[in-house]
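Listed here are the chains, written in short residue letters.
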Amino acid sequence: MRRPTLFLERSPEAPHEPESVVDAPLIRFDAFSIDQRIFGWVRLTADRLTDLLNAHEEIELDNAQIEQLTDARVAWIDRLVVNRDRLIAVRAGGPQGDPARWQRLRLHPLVVRAGLYRIGGYLHARPGLAPLAEVQDRPKMIPLSSAWLEYWVNGRREAQWVGTILFNRDRAESIEVVGEGDLGVDG
């Protein structure tokens with residue numbers, strides 16, 4: 001039995017040089033608006049996702065997916081521009097910023113209510129500043145660590161631990177400093 005033989009001929013090839021060099025990484029974007037959950041990938045052009053969201057009124061997402069919270073219907077969109085003011089919360093991922101800029105901060109348990117959402121976690125505040133004053137002193141998107149998020153989809157309660165979450169101060173209906181025992185998802 002004879003084996004088949006493949007002959008490859010060398011052809012001249014032009015060097016491949018991309019038209020642009022990407023210098024900012026793509027990071028996962030998972031956000032919650034009034035009535036939708038928005039997934040996608042965003043180009044991180046800042047040290048942290050918090051900085052990116054606070055610096056831009058609109059965020060462009062690639063390969064976006066939108067889930068309607070009223071009926072759990074999902075749609076895919078190649079490119080989507082999201083207005084920051086429509087966002088209630090964003091799950092934070094990616095780098096934590098420049099360690100040289102980190103400060104000693106106090107942790108304060110907070111619960112935030114906004115529309116269909118309850119968000120809980122720890123605000124990292126400067127010593128000597130009241131937590132709610134710290135919230136008012138910061139840009140719109142504020143991070144909470146060891147955070148959870150609760151919302152309703154298609155009439156069902158969804159609750160999940162999310163790590164770090166950014167909430168939009170301007171969309172919050174209430175922001176409450178709570179005791180450690182009142183920080184739980186079922187609280």
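Structure first, text after, so check above.
Residues numbered from 1 in each chain as written. Predicted model: local features only at pLDDT ≥ 70, side-chain atom pairs only at ≥ 80, totals over all residues. Heavy atoms only, no water.

**Quick word on the sheet that holds strand E5 (residues 87–91)**
Next, step 1: Spatially, ten strands are ordered E4-E3-E2-E1-E5-E9-E8-E7-E6-E10 in an open sheet, and the strand pairing comes out antiparallel. If you trace the sheet from one side to the other, it starts and ends with strand E4 (74–83) and strand E10 (174–177), each paired once. Along the sheet, successive strands turn relative to each other by an average axial angle of 35 degrees, direction set aside.
Next, step 2: In the sheet, strand E8 (residues 141–153) pairs with strand E9 (residues 156–168) via eleven bridges, with the strands oriented antiparallel. In the sheet register, Ile142 faces E9, and the bridge partner there is Phe167. (Pairing = 2+ DSSP bridges. Helix = DSSP H or I, 4+ residues; strand = E, 2+ residues; numbered from the N terminus. Axes fitted to C-alpha atoms, helices over the stretch in contact; angles between N-to-C directions.)

**Considering unusual backbone geometry**
Trans peptide bonds make up the majority, and among non-glycine residues the majority have a negative phi.
Next, step 1: The residue Asn63 is not glycine, and still its phi comes out positive at about 45 degrees.
Next, step 2: Its location among the elements puts Asn63 in strand E3 (residues 58–68).
Next, step 3: For Ala72, which is not a glycine, the phi torsion comes out positive at approximately 65 degrees.
Next, step 4: Structurally, the position occupied by Ala72 is in the loop between E3 and E4.
Next, step 5: For Ala72, a relative accessible area of 30% gives the class partly exposed. (Buried < 20%, exposed > 50% of the residue type's maximum accessible area, 1.4 Å probe, protein only.)

**So, the pairing of strand E7 (residues 117–125)**
Next, step 1: Of all the nine residues making up E7, eight are buried; the element is thus mostly covered by neighbouring parts of the structure.
Next, step 2: Bridge count between strand E6 (residues 106–114) and E7: nine bridges; the pairing is antiparallel. Looking at E7, one finds that Arg113 is bridged to Arg118.
Next, step 3: Between the end of E6 and the start of E7, which pair antiparallel, lie two residues, with Gly115 showing a positive phi angle near 60 degrees.
Next, step 4: Sheet topology places E7 next to E8; four bridges connect them, and they run antiparallel. Along E8, the bridge assignment pairs Arg118 with Glu150.

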